[in-house]
Amino acid sequence: MRLAPLALAGLLLAGCAAPLTDLRVDSPYRDPATLEKGQILHAATGRLLTRDELAEYLRAFPVIYVGETHDSVDSHAVQLAILQDLSTRLPGEVALGLEMLQRTSQPEVDRWLRGEMEEKEFLRLWQENWAPSSFPYYRDILAYARDRGIPVRALNAERDLRRALAGAPPEDLDPALRERLPELSFDDPHYQAFLEAMFRGHEAGDAARDGFLRVQVLWDETMAQTAAEYLTGEGRGKRLVILAGSNHVRHGFGIPRRLFRRVPLPYAIVDSFAVEVPEAKRERFMNVDLPPIPLRAVDVYWATGYEDLEGDRVLLGVQLETDEDARVRVRGVLPGSPAERAGVRAGDVIAAIDGEPVKELFDVTYRVGLRRPGETGPLEVLREEERLTLEIVYDVLRHGE
């Protein structure tokens, strides 16, 4: 049984962070759905906490998991607030662990933290690791960590291991790949039942179920092992704040149980809980019939909204390819797009954007990503033997375009 890597990647990204319509075991004193935006609930007691009280509570834990919905600005704002509050109270004692980066990226991450890598190159690294359009959600968190000297650890499994385990069980892998696997435990019945329920919610078909489960275990075990190695090595004595999709931390049987198995350190789980959801976002909630799980989902809920950055993302409106001369050529132009309005045609070679030469596809992605709706800028194209300068008026990326 094999599952196409891209299909599996989409399933995993959706599954590990998508909001759920049901979290069976919550606070016995107060339903988090009754919270108002901005309120913080200690689930075990039903007590509401101030932001300062939450920071004082969390500082006692060596490991703090902060779950997220990947495309929620509000969710990432909670993560940044917790990182700020802890690092202010414990200067030099806080580190940040990220699901979004493969552990083999650590040398490049360290170079960026030391100021030896421009944001453009770090963005290229980010896109090799995670969803290409996701970086703006994490920019403030990463900049805060870099500017204040907070160590950042890349936690996740390498892509080739994910692909291999998606297609075959560990015992059938090439020995060289098998040696690189962390210790994998498939013995948690609640974890198994939870993942199977999520898988059915995606309606991806039973043929892919085993590969999905194996790769999800690989992600959680790898993040746990990488974090454990850090906490018992150069990060000994630090508070490690781990940012991951909520379903990697809820109920504690994803990363938390697997890290505790390796290093039994006290931990707390915080998750944002969307109580104000725009109608257009409700279709993104996973309507999953979860099995009974006799474990509290999280320790602390932080009530939020659920806004994304779609309204701030601009598009050029072209389909691009690399031609036989390694130039970036326009293969097609979307009707009504900024490119069409500026006069871009299929067959044009993009030579420069905002005066910066375009040498590869990533140069276009990067330059356009810096723009905001309504801004204008020059786009230079080669059309046959002529070099033309066109004026682009950037517009937002709308669904369906």
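This text follows the structure it describes.
All of these numbers come straight from a predicted model, not from anything done at the bench.

Examining unusual backbone geometry
Peptide bonds are trans in most cases, and residues, glycine excluded, mostly fall at negative phi.
So, step 1. With phi around 65 degrees, Ala326 is a residue other than glycine that occupies positive phi space.
So, step 2. Position of Ala326 among the secondary structure elements: in the loop between strand 10 (318-322) and strand 11 (328-333).
So, step 3. For Asp354, which is not glycine, the phi dihedral falls at a positive 55 degrees.
So, step 4. Structurally, the position occupied by Asp354 is in the loop between strand 12 (349-353) and strand 13 (356-357).

Brief notes about the sheet that holds strand 2 (residues 47-49)
So, step 1. The strand order across the open sheet formed by eight strands is 2-1-8-7-3-6-4-5, and the pairing between neighbours is mixed. Strand pairing shows two members of the sheet lacking a second neighbour, strand 2 and strand 5 (152-156), which therefore form its edges. The sheet shows a mean angle of 30 degrees between the axes of neighbouring strands, direction not considered.
So, step 2. Two elements, strand 7 (residues 267-276) and strand 8 (residues 300-305), share six bridges in a ladder whose sense is parallel. Paired with Phe273 across the strands is Ala303, a residue of strand 8.
So, step 3. Here helix 4 (residues 106-113) sits on the sheet in contact with strand 4 (94-102) and strand 5, set at roughly 155 degrees to strand 5.

Remarks on the pairing of strand 7
So, step 1. Sheet analysis places strand 3 (residues 63-68) next to strand 7, joined by four bridges and oriented parallel. Counted as the bridge partner of Val63 is Tyr267 from strand 7.

Observations concerning the packing of aromatic side chains
So, step 1. Under the defined criterion, the tally for this structure stands at 13 aromatic pairs.
So, step 2. Measuring from ring centre to ring centre gives 5.7 Å for Tyr65 and Tyr267, while their planes differ by 85 degrees; the resulting arrangement is edge-to-face. Placement of Tyr65 in strand 3 and of Tyr267 in strand 7 is noted, with a sequence separation of 202 residues between them.
So, step 3. Of the residues examined, Tyr65 reaches a relative accessible area of 1% and is grouped as buried.
So, step 4. Ring centres of Phe260 and Tyr267 lie 6.3 Å apart, and the angle between their planes is 70 degrees; this geometry places the pair in the edge-to-face category.
So, step 5. The rings of Trp112, Phe122, Trp126, Phe135 and Tyr138 are connected pair by pair, giving a single aromatic cluster.
So, step 6. Cation over ring: Arg258 sits above Tyr191, and NZ or CZ is 4.3 Å from the ring centre.

With respect to the packing of helix 5 (residues 119-129) against helix 13 (residues 361-369)
So, step 1. Two elements in contact, helix 5 and helix 13, have axes whose closest approach is 11 Å; the angle formed by their N-to-C orientations is 110 degrees. Relative to helix 13, the element helix 5 is oriented roughly perpendicular. Between helix 5 and helix 13, the residues in contact are Lys120, Leu123, Arg124 and Gln127 and Phe362, Asp363, Thr365 and Tyr366, respectively.
So, step 2. A per-class count over the contact of helix 5 with helix 13 returns three nonpolar, two polar and three charged.

A word on the environment of Gln106
So, step 1. As for its position among the elements, Gln106 is in helix 4.
So, step 2. Sequence separation between Gln106 and Leu155 is 49 residues; the distance between their C-alpha atoms is 8.7 Å.
So, step 3. A polar contact is formed between the side chain of Gln106 and the backbone nitrogen of Ala154, at a distance of 2.7 Å.

Observations concerning the pairing of strand 14 (residues 376-383)
So, step 1. Summarising the sheet, strand 12 and strand 14 pair through four bridges and their orientation is antiparallel. Directly across from Ile353, in strand 14, lies its bridge partner Leu379.
So, step 2. Strand direction decides the pairing type here: strand 14 and strand 15 (residues 386-393), joined by eight bridges, are antiparallel. Residue pairing across strands places Glu380 opposite Thr389, the latter belonging to strand 15.
So, step 3. The hairpin turn running from strand 14 into strand 15, its antiparallel successor, is two residues long, and Glu384 in that turn takes a positive phi close to 60 degrees.

Thresholds, definitions, all that
- Residues numbered from 1 in each chain as written.
- Predicted model: local features only at pLDDT ≥ 70, side-chain atom pairs only at ≥ 80, totals over all residues.
- Heavy atoms only, no water.
- Helix = DSSP H or I, 4+ residues; strand = E, 2+ residues; numbered from the N terminus.
- Pairing = 2+ DSSP bridges.
- Axes fitted to C-alpha atoms, helices over the stretch in contact; angles between N-to-C directions.
- Contact = heavy atoms within 4.5 Å.
- Phe/Tyr/Trp six-rings, centres within 6.5 Å; stacked < 30°, edge-to-face > 60°.
- Buried < 20%, exposed > 50% of the residue type's maximum accessible area, 1.4 Å probe, protein only.
- Lys NZ or Arg CZ within 6 Å of the ring centre and 35° of its normal.
- Parallel < 35°, antiparallel > 145°, perpendicular 65-115°, else oblique.
- Nonpolar A, V, L, I, M, F, W, Y, C, P; charged D, E, K, R; others polar.
- Polar contact = N/O pair within 3.5 Å; in protein donor to acceptor, adjacent residues only side chain to side chain.

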